[in-house]
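Here are the chains, one letter per residue:
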Amino acid sequence: MASTKPIRAAYSPTLDGMTAYIHAFLARELDEEARWRAHKGIADFCYKNSSIFKKEFLRRIGIQALKRPRRVVHKDESGAFVSALFKMDAECVFLLKDTYDMLETYQRKSGRGFGLLVNRMFLCRTEEDYFTLIKLVYDALIDAENLPAFEEKYFSAFQQLIERDPHFADRAKKLFDYVRTHASSDKILFVDIGFQFTFSIFCSAAMRHFGNVKADFYSYSTYPWLQEFFKKKYFSKTSEVVLDLELTAIKNFRISLQNRAAGTLVGFAIGDALGFPVAGIDAGDVPKFIDGEITKFTDNKKHPFFHHLKKGQYTDNTKLLILSARHLIKNRGFVPETYQDDLVSWGKGILRNPDAERWAGPTAITAVKNLIEGKRYFESGSTATESCSATYRVVPLGLFYRPFVKDGVEVLKKNAEISAMFTHNSEISKTGAAITALIIGNLMHGLLPEKAVNGALGVVGENVKTVLLIRKIRQAMEISKTQGVERARKEFGSGSPIYQTLPLAIFCFLKFQTDFEKAILAAANSYRDDTPEEKERLQTFSWEEQLQYAKGGNTDGIAALTGAFMGAHLGMKKIPKQFLSIEDKNKLTSLAQKLV
């Protein structure tokens, strides 16, 4: 794999095995074409490295200068490469960022596969770590008579490495856990563009070490001096195009992240704004306030909590999401003590000016009052709540801590649970928040919707306190394939309990996963629909109290989460224009792009 950041130090003796191998290759009788290709490969390896490093590297392989590159136009074989992958009897896991374009093509063609952000940033603490992984490859090549012998030598060296170095053991275990949780096949093929299997074979060995999983590695191409030995592990001999393919994919991956992140936050706000006019209102009463179903932004001047909101404005659901986003950007991560200060500041603001409140919800308000009175974040939230509103605040965490960008998925899960704890300190509410953040993080890297949801469930696990939520989400996944939204509303309910809101939002997302408008409107029209027993229970409440204490009609929350999932999957560019008049669209877009 080519270097993508400068090496600050000089040449490392760790690379002696590599230089010796290249030196022996160049000593062979090579034609001009083969020699030029080798020189191009050496130039690619030295790409962006220091001049000191390059000079010493060339000296060690026995040449003074690289041959000047020729202008040769090669046929793009990446489409044929993906077609070849499609025919292989394994689920392909693409190592991002370099393979992003190929991942998208493979998914369109096959409907399977996923990306894994396992690269130098995740695996290596220093440049010397990177050289160590290269050394594993070339040490195994020495005296290896064939590919099986090489793989056994490499695996033995890999095991010794993770036994003596806790860092590499941690990295290998985290990628193993993620792949096992998110893969739908027991055969895995790690795919990279090139150049020398440094990371893809590490991933393959990790799967074998921790679970004896059948895993293999494959590349678009590899360095000329490795092509003869690894002829079964790569597709094209034109290794000289690899760097260009990598750089293009990295650029497109960056654009995709910004597009998906903006779609996530803006999509959330759109759902919030579409749903608030009918939030908490029984289906039979909806015609008193709006003309027909929700099809566009509207308002409800008779709503006791949202009467002051105009068309296209959002509620406190989005305000708290923005608070989380700003916190992550300002602190370069989630810092509980500082987050506590942020919530206290927000709470004091709405308590001083009730008109500034946009219905934050009784559980959140009570918890924030506890924080203002001096309680710490781990004792301020309700331990009995089943509410869903903590899920709104963790959406930005899914963007910032997407899998492997900072660490494995556990850091995202943990921070989502702590964030929820401030207001919703029950096991079921914290688990719902973690699932939400994990789904967002998965979608950001291009995981297909079902795999993103299923993978999140695999990470959080299940216990007696969360079994209802997990069961309903799995049910939502299943019935989204065959049933309509009316059945889902009756099956899950449309209330604020996490085991109603989150499964219904996931259903709408999966059911209409290619159509933002259909998904968001299905969610926003999920009115409260009281049963006879519920109507009898609510008789003693005033109309305003019914909106607070009824068991249905969380239209703003359901639609907001649906919008976030759809935005993370489809991106900002797929959001219909009629919804882009949402309040603070530019601010939300800017925050999203800063988060990634």
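The written sequence of each chain sets the order in which its residues are numbered from 1. Note on the predicted model: pLDDT of at least 70 is required for a residue's local features to be given, and 80 or more for side-chain atom pairs to be given and counted; whole-chain, interface and lining totals, by contrast, use all residues. Derived side-chain values reflect all non-hydrogen atoms in the structure, with water molecules and hydrogen atoms excluded from consideration.

### Observations regarding the overall build of the protein
The following threshold applies: The helix count covers DSSP runs of H or I at least four residues long, the strand count covers runs of E at least two residues long, and both are numbered beginning at the N terminus. As defined in this context, the radius of gyration uses C-alpha atoms, and a globule is described by 2.2 Å times the residue total to the power 0.38. Burial classes: relative accessible area under 20% of the type maximum marks a residue as buried, over 50% as exposed, and values in between as partly exposed (1.4 Å probe, protein chains only). A contact between two residues is defined here by any heavy atoms of the two lying within 4.5 Å. For the purpose of charge, His is not counted, nor are the chain termini; Lys and Arg are scored as positive and Asp and Glu as negative. Think of each charge as sitting on NZ of Lys, CZ of Arg, CG of Asp or CD of Glu.
Across its full length, the protein carries 28 helices and 4 strands. Compactness check: the protein gives a C-alpha radius of gyration of 27 Å against a globular reference of 25 Å for 596 residues, within 12% of the reference. Projecting the C-alpha coordinates of the protein onto the three principal axes gives extents of approximately 95 × 50 × 45 Å. Buried residues in the protein amount to 60% of all 596 residues. A fraction of 75% describes how many contacts in the protein between residues 6 or more apart in sequence connect residues 24 or more apart. The positive charge centre, built from 83 side chains, and the negative charge centre, built from 69, are 4 Å apart in the protein.

### Digging into unusual backbone geometry
Cis geometry is adopted by the peptide bond preceding Lys97, which originates at Leu96 and carries an omega value of 15°. Counting through the fold element by element, Lys97 comes out in the loop between β1 (91–95) and α5 (100–110). At the junction of Gly194 and Phe195, the peptide bond is cis and its omega measures out at 15° in the coordinates. Of note, Phe195 is situated in the loop between β3 (187–192) and α10 (200–211). Not every positive phi belongs to a glycine, and Asn212 is a case in point at roughly 50°. Inspection of the secondary structure puts Asn212 in the loop between α10 and β4 (214–219). Take Asn212: its relative accessible area is 66%, and that puts it in the exposed class. For Phe404, which is not glycine, the phi dihedral falls at a positive 75°.

### Considering the pairing of β4
Short version of the rule: Criterion used throughout: strands pair if DSSP finds at least two bridges between them.
One ladder, built from 6 bridges, connects β3 with β4; its direction is parallel. Bridge pairing in β4 links Ile188 to Ala215.

### Some thoughts on the packing of helix α12 (residues 242–275) against helix α13 (residues 316–331)
Inclusion rule: Axis lines are fitted through C-alpha atoms, for helices just across the contact stretch, and the angle between N-to-C directions can take any value from 0 to 180 degrees. An angle below 35 degrees is read as roughly parallel, one above 145 as roughly antiparallel, one from 65 to 115 as roughly perpendicular, and any other as oblique. Crossing handedness follows the turn of the near helix against the far one: under a right angle anticlockwise gives a left-handed crossing, and clockwise gives a right-handed one.
Remark: α12 packs on α13, axes separated minimally by 9 Å, with the N-to-C direction vectors making an angle of 160°. When the axes of α12 and α13 are compared, the pair comes out roughly antiparallel. At the point where α12 passes α13, the crossing takes the left-handed sense. Across the interface between the two elements, Leu265, Phe268, Ala269 and Asp272 from α12 touch Asn317, Thr318 and Leu321 from α13.

### Some points on the side chain of Glu240
Tracing the backbone through its elements, the reader meets Glu240 in the loop between α11 (224–227) and α12. Accessibility expressed as a relative area gives 6% for Glu240, which makes it buried.

### Looking at the pairing of β1
Moving residue by residue along a regular strand, the side chains alternate between the two faces of the sheet. Going by this rule: The definition of a right-handed crossover adopted here requires that, viewed with the strands pointing away, the path from the first strand over the helix to the second runs clockwise.
For β1, the buried fraction is high: 5 of the 5 residues fall into the buried class. Of the two faces of β1, the one carrying Glu91, Val93 and Leu95 and the one carrying Cys92 and Phe94 are both buried. Pairing geometry for β1 and strand β2 (residues 114–116), over 3 bridges, is parallel. Its bridge partner lying in β2, Phe94 is registered against Gly115. A crossover links β1 with its parallel partner β2, the connecting element being α5, and its sense is right-handed.

### A closer look at helix α24 (residues 516–524)
Here α24 lies mainly inside the structure; 7 of its 9 residues are buried. Within the span of α24, buried status applies to Phe516, Ala519, Ile520, Leu521, Ala522, Ala523 and Ala524. Buried residues along α24 sit in contact with α12, α22 (485–492), α23 (498–511) and α27 (555–570).

### Here's the deal with the sheet that holds β1
Read across the sheet, 4 strands follow the order β2-β1-β3-β4 without closing on themselves; strand pairing throughout is parallel. Single-partner strands in this sheet number two, and they are β2 and β4. Strand-to-strand twist of the sheet, defined as the mean angle between neighbouring strand axes without regard to direction, takes the value 30°. When β1 meets β3, the two strands line up parallel, connected through 4 bridges. Pairing of Cys92 across the sheet is with Leu189, part of β3.

### Some remarks on helix α2 (residues 32–45)
Here is the rule: For a helix, the expected span equals 1.5 Å multiplied by the residue count minus one.
Here α2 contains 14 residues, and its C-alpha end-to-end distance of 20 Å stays within 8% of the 20 Å for a straight helix at 1.5 Å per residue. Within α2 the residues assigned to the buried category are Trp36, Arg37, Ala38, His39, Lys40, Gly41, Ile42, Asp44 and Phe45. Next to the buried residues of α2 lie α1 (16–26), α3 (51–61), α7 (127–141), α11 and α12.

### Quick look at the environment of His209
By the element assignment, His209 lies in helix α10. Of the residues examined, His209 reaches a relative accessible area of 28% and is grouped as partly exposed. Non-local contacts of His209, meaning those with residues more than four positions away in its chain, are made with Phe155, Phe158, Gln159 and Ile162.

### Let's talk about empty space enclosed by the protein
For the record, the criterion: Every definition here rests on a 1 Å grid over the protein atoms only: cavities are sets of points where a 1.4 Å probe fits but cannot get out, pockets are open sets enclosed by protein on both sides within 12 Å along at least five of seven lines, and lining residues have some atom within 4 Å of a point. Grid points are joined across faces, edges and corners, and a volume is the space filled by probe spheres set on the points. Charged means Asp, Glu, Lys or Arg here, nonpolar means Ala, Val, Leu, Ile, Met, Phe, Trp, Tyr, Cys or Pro, and polar covers whatever is left, Gly included.
Inspection of every chain in the model, using the stated rule, returns 1 cavity of 30 Å³ or more. For the lining of the largest cavity, the secondary-structure elements that each account for two or more residues are α13, α14 (336–352), α15 (362–372) and α17 (390–400). Residues of the lining of the largest cavity, tallied by class, amount to 7 nonpolar, 3 polar and 1 charged.

### Structural notes on the layout of surface pockets
Over the atoms rolls a probe the size of a water molecule, and its path tells where empty space is left. Of the voids in this model, the largest pocket is the one considered here, and its volume is about 640 Å³. Along the wall of the largest pocket there are 30 residues; nearest its centre are Pro362, Ser387, Ser496, Pro497 and Gln548. Of the residues belonging to the lining of the largest pocket, the class tally is 12 nonpolar, 15 polar and 3 charged. Space inside the second largest pocket adds up to approximately 420 Å³. Along the walls of the second largest pocket sit 21 residues, with Arg489, Gly493, Ser494, Asp529 and Asp530 positioned nearest its centre. If one sorts the elements of the lining of the second largest pocket by residue count, α22 sits on top with 5 residues.

### Notes on the packing of α12 against α24
Running from amino to carboxyl end, α12 crosses α24 at an angle of 40°, the nearest separation of the two axes being 9 Å. Between α12 and α24, the interaxial angle falls into the category oblique. In terms of crossing hand, the pair formed by α12 and α24 is right-handed. Along the contact surface, α12 presents Gly267, Ile270, Gly271, Leu274 and Gly275, while α24 presents Phe516, Ile520, Leu521 and Ala524. Here the residues of the contact of α12 with α24 sort into 6 nonpolar, 3 polar and no charged.

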